[in-house]
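The primary structure of each chain is shown beneath.
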Amino acid sequence: MTERMQPMVEIEHVNKHYGELHVLKDITTTIDKGQVVVVLGPSGSGKSTLCRAINRLETIDDGSIKIDGTPLPSEGRELARLRADVGMVFQSFNLFAHKSILDNVTLGPMQVRKMKRKEAEERGMALLDRVGIANQANKMPAQLSGGQQQRVAIARSLAMQPKVMLFDEPTSALDPEMVNEVLDVMVGLAKEGMTMIVVTHEMGFAKKAADRVIFMAEGAVVEDTTPHEFFAAPKSARAQDFLSKIL
Ligand code: ADP
Ligand code: MG
């Protein structure tokens, strides 16, 4: 493949503090269209804050973040539209508890993208089918297992036709037997060319699906390399220490 690289997420000199705590330290990195980046690092290293900054759930002190060439505004209608370009899946599935599975997937497109119900439902059913949940469309979230709910959460994000998908420890809250059904959906997305930023402790996913590994420690990017390089020969003492604890 010799497709020319086009930047999808451009992060330049981003800093953020929580009071005295310098939680993001001059982060600069570019994620190209179709790239799958796994973000690793010890707890508290700033991985979630970085994800939240990328879709402006958190403000940044300085620096800039562009999605597909457009800087994220700090507020307003434009922000809502641009935020819809960035899908986010969290550890907790955050489905609308009092809406059916299908409604969970159609509400966003109807409200934010102004899609007609019929089209939203057709597309929603196709997405539920893709994540293997189509036969549960009329159920309520609580009737589904954790793994099924997380797959619905992925379908719900995809329904907004995002340009990039962020996953923040999407399998950490799941019983072990449900982890793979969610990872399989993510691997499928990666193969289809979705641009993805994935915070996960699932090293199998990193090895199988990632083009790049970014290793963070104490708010900084310490390594940014291929999964092969990272796992075979981590350069920094911090990454070596991290890997010795999890592998
Ligand atoms: P990670 O996802 O890598 O575990 P986080 O981005 O959640 O790390 O947190 C990075 C640091 O910022 C931690 O020390 C955490 O305690 C702190 N932190 C996160 N959110 C807040 C907040 N809303 N207010 C104050 N400190 C926070
Ligand atoms: Mg986190």
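Residues numbered from 1 in each chain as written. Chains lettered and ligands numbered in written order. Predicted model: local features only at pLDDT ≥ 70, side-chain atom pairs only at ≥ 80, totals over all residues. Heavy atoms only, no water.

1. Here's the deal with the sheet that holds strand β5 (residues 70–71)
Turning to step 1, where the next piece is worked out: Spatial strand order, β2-β1-β4-β5: four strands in an open sheet with antiparallel pairing. Of all strands in the sheet, those bounded by a partner on one side alone are β2 (21–32) and β5.
Turning to step 2, where the next piece is worked out: Of the strand pairs in this sheet, strand β1 (residues 7–18) and strand β4 (residues 62–67) are connected by five bridges, and their pairing is antiparallel. When the sheet's bridge partners are listed, E12 is paired in β4 with S64. (Pairing = 2+ DSSP bridges. Helix = DSSP H or I, 4+ residues; strand = E, 2+ residues; numbered from the N terminus.)

2. Let's talk about the site of ligand 1
Turning to step 1, where the next piece is worked out: Taken together, the residues surrounding ligand 1 are Y18, L21, V23, P42, S43, G44, S45, G46, K47, S48 and T49.
Turning to step 2, where the next piece is worked out: Separating an oxygen atom of ligand 1 from a side-chain N or O atom of S48 is a distance of 2.9 Å.
Turning to step 3, where the next piece is worked out: Here T49 contributes a side-chain N or O atom positioned 2.5 Å from an oxygen atom of ligand 1.
Turning to step 4, where the next piece is worked out: If ligand 1 stood free it would expose 560 Å²; the protein chains cover 58% of that surface.
Turning to step 5, where the next piece is worked out: Taken together, the elements giving at least two residues each to the shell around ligand 1 come down to β2 and α1 (47–54). (Near = heavy atom within 4 Å. Polar contact = N/O pair within 3.5 Å; in protein donor to acceptor, adjacent residues only side chain to side chain. Areas by Shrake-Rupley, 256 points an atom, 1.4 Å probe, with all protein chains shown as cover.)

3. Some points on the nonpolar core
Turning to step 1, where the next piece is worked out: Of all hydrophobic cores here, the largest spans 49 residues; its most connected members are L40, L128, I154, F167, M186, M196 and F205.
Turning to step 2, where the next piece is worked out: Ranked by residue count, the leading element in this core is helix α6 (residues 176–191), at nine residues.
Turning to step 3, where the next piece is worked out: With residues up to four places along the chain from it excluded, the contact list for L128 reads I101, L102, V105, I133, A134, A137, V152 and A155.
Turning to step 4, where the next piece is worked out: Core analysis: the second largest hydrophobic core is formed by 26 residues, M8, I54, I67 and V199 among them. (Core = buried A, V, L, I, M, F, W, Y, C linked by side-chain atoms within 4.5 Å. Buried < 20%, exposed > 50% of the residue type's maximum accessible area, 1.4 Å probe, protein only. Contact = heavy atoms within 4.5 Å.)

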